[in-house]
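Okay, here's what each chain looks like letter by letter:
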Amino acid sequence: QRAMAKEKESNAPKEKSAEAKGKANGKAKDKAKDKASEPQEEDKAFLSNLRPRRRAIFFVFFLAACSLIVALHDSCDVPKNKRQDCGYPDISSTECKTVACLIKGGGGATSRKAVKVRRSSAETLGLQVSKDHVVGWVTVTGIGAGAVKSHNDALASDSEERIQVGDRIAKVDSTSASSGKKADAAYEKMVKALEGKGAKTVQLEIQRPRIPSFLMWVRSSNGKPNIAEKMLTAPGTKQMVRTFSSVGGLGFACWLLSGYPLASLPLYYGGISLAVAYHTVRCCHDDDVAAGIAHCYKPKTNKLEDVLGGIKTSALALVAKVRKNPQKVFKQWFV
């Protein structure tokens, strides 16, 4: 019993020390949590001050602004003698108004360019390449010592004649691999042509990407533009994206101030922004035209700044009409 009592007495300080350490560690963890939560609390406080409650007025304002664009901008008001074709013969009204604007003028995901490289007798081109998605093409993955590096060094940094990592090579002089070949055989044929030596001027057919690298997978394997490539490279699509970004930026600001949940941002603000952007770029259709005049034609303007300028003019003209004869305007609009 005495031994047990002594053992308890000797362990008591250790237990107290361990307990004290535990409390200290607990306090340290609590402080760390408090410090970590401080920025979050500050962010929440900032958002709470910015969005103290739900305010529908901002959505109403955004909706009214977008409705004004749609109501006052008549994109199809183009004189018949100035209409630019936006389709092909016998295109249907539905196709013209839905997808023609997103395809017209579009092409492949790459643009072709011929580049001539002077190669000395003792060197190779110095290109490292890999298989491309298109059978018969190779992708430049690196540029080592050789004729291409010397060629690039002699040019300005922004010259289009420079060969860059990411470029596709479809032809070396007269050597090309048709899409009918197997992928391995086509690749070996192109690599052999690129590894050639001898003093001469080598002409390379470069296929340079026109779309972001993360979208290059949409290309067809035969090198011919598919519908996705045409849509991604069409001027109408690019303009619609720019307009969507501008209108969507206003929508984001209104959503931020409105106090409504995140789900409303893509559903309402994003959807309305997309509808407005599409309205400004879609092609127009008119069956009642004479021969030689486009029945599927491009809109009056698809640039947002021009659209807004036209809306301002239309709004001022409408105000002038209302002041002059409000009854007549009322009958035109509502009767």
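Residues numbered from 1 in each chain as written. Predicted model: local features only at pLDDT ≥ 70, side-chain atom pairs only at ≥ 80, totals over all residues. Heavy atoms only, no water.

1. Some words on the side chain of Arg-119
As for its placement among the helices and strands, Arg-119 is situated in strand β1 (residues 110-119). The side chain of Arg-119 sits in the buried core without any salt bridge; Asp-173 is the nearest counter-charge, 6.0 Å away. A distance of 2.8 Å separates the side chain of Arg-119 from the backbone oxygen of Gly-198, its partner in a polar contact. For Arg-119, the residues in contact, after removing those within four places along its chain, are Thr-124, Leu-125, Ala-147, Gly-196, Lys-197, Gly-198, Ala-199, Lys-200 and Val-202. (Helix = DSSP H or I, 4+ residues; strand = E, 2+ residues; numbered from the N terminus. Buried < 20%, exposed > 50% of the residue type's maximum accessible area, 1.4 Å probe, protein only. Lys, Arg positive; Asp, Glu negative; His and termini not counted. Salt bridge = Lys/Arg side-chain N within 4 Å of Asp/Glu carboxyl O. Polar contact = N/O pair within 3.5 Å; in protein donor to acceptor, adjacent residues only side chain to side chain. Contact = heavy atoms within 4.5 Å.)

2. Considerations on the pattern of salt bridges
Taken as a whole, this structure holds nine salt bridges when the rule is applied. Note that Asp-184 and Lys-131 form a salt bridge whose closest N and O atoms lie 2.1 Å from each other. With Asp-184 in helix α6 (residues 183-194) and Lys-131 in strand β2 (residues 127-131), this pair connects stretches of sequence that are 53 residues apart. Two residues, Asp-132 and Arg-168, come together in a salt bridge whose shortest N-O distance is 2.9 Å. Here Asp-132, found in the loop between β2 and β3 (138-143), pairs with Arg-168, found in strand β4 (residues 168-172); they are 36 residues apart in sequence, far enough to count as distant. What makes Arg-168 buried here is its relative accessible area of 12%.

3. Examining the sheet that holds β3
The five strands are arranged β1-β5-β4-β3-β2 in an open sheet whose pairing can be described as antiparallel. Either end of the sheet is taken by a strand with one partner, and the two such strands are β1 and β2. Strand after strand, the sheet turns through a mean of 40 degrees between neighbouring axes, direction not considered. Across ten bridges, the pairing between β1 and strand β5 (residues 200-209) is antiparallel. Of the residues in β5, the one forming a bridge with Arg-119 is Lys-200. Lying over the sheet, α6 contacts β2, β3, β4 and β5, oriented at roughly 170 degrees with respect to β2. (Pairing = 2+ DSSP bridges. Axes fitted to C-alpha atoms, helices over the stretch in contact; angles between N-to-C directions.)

4. Focus on the nonpolar core
Val-117, Leu-125, Leu-127, Ile-163, Ile-169, Leu-194 and Leu-204 are the most contacted members of the largest nonpolar core, which totals 20 residues. The dominant element in this core, judged by the number of residues it contributes, is α6, at four residues. If we skip the residues at most four places from it in the chain, Leu-125 touches Val-117, Arg-119, Gly-146, Ala-147, Val-148, Leu-194, Val-202 and Leu-204. In this structure, Cys-66, Cys-254, Leu-265 and Val-307 belong to the second largest nonpolar core, which totals 14 residues. (Core = buried A, V, L, I, M, F, W, Y, C linked by side-chain atoms within 4.5 Å.)

5. Observations concerning the pairing of β4
Most of β4 is tucked away: four of the five residues are buried. Where β3 and β4 come together, two bridges link them in antiparallel fashion. By the bridge assignment for β4, Val-138 is matched with Ile-169. Note: β4 against β5, four bridges, orientation antiparallel. Residue Ile-169 lies in a different strand from β5, and its bridge partner there is Ile-206.

6. Some remarks on the UniProt feature "transmembrane region" (unreviewed entry) in the protein
On the UniProt side, "transmembrane region" (unreviewed entry) is annotated at positions that read residues 56-73 here. In the segment residues 56-73, helix accounts for 89% and strand for 0%; the C-alpha atoms at its two ends are 26 Å apart. (UniProt positions renumbered as here; feature names shortened; annotations may be inferred.)

7. A short note on the packing of aromatic side chains
Throughout the structure, instances matching the rule amount to four aromatic pairs. Plain terms: the ring middles of Phe-59 and Tyr-269 are 5.5 Å apart, the flat faces sit at 85 degrees to each other, and that makes the pair edge-to-face. In this pair, Phe-59 sits in helix α2 (residues 57-72) while Tyr-269 sits in helix α9 (residues 264-281), placing the two residues 210 residues apart along the sequence. Of the residues examined, Phe-59 reaches a relative accessible area of 24% and is grouped as partly exposed. When its relative accessible area of 3% is taken as the criterion, Tyr-269 is described as buried. When the centroid spacing of 5.3 Å and the interplanar angle of 40 degrees are considered together, the rings of Phe-62 and Tyr-269 count as tilted. Taken together, the positions of Phe-62 in helix α2 and Tyr-269 in helix α9 put the pair 207 residues apart, joining distant regions of the chain. (Phe/Tyr/Trp six-rings, centres within 6.5 Å; stacked < 30°, edge-to-face > 60°.)

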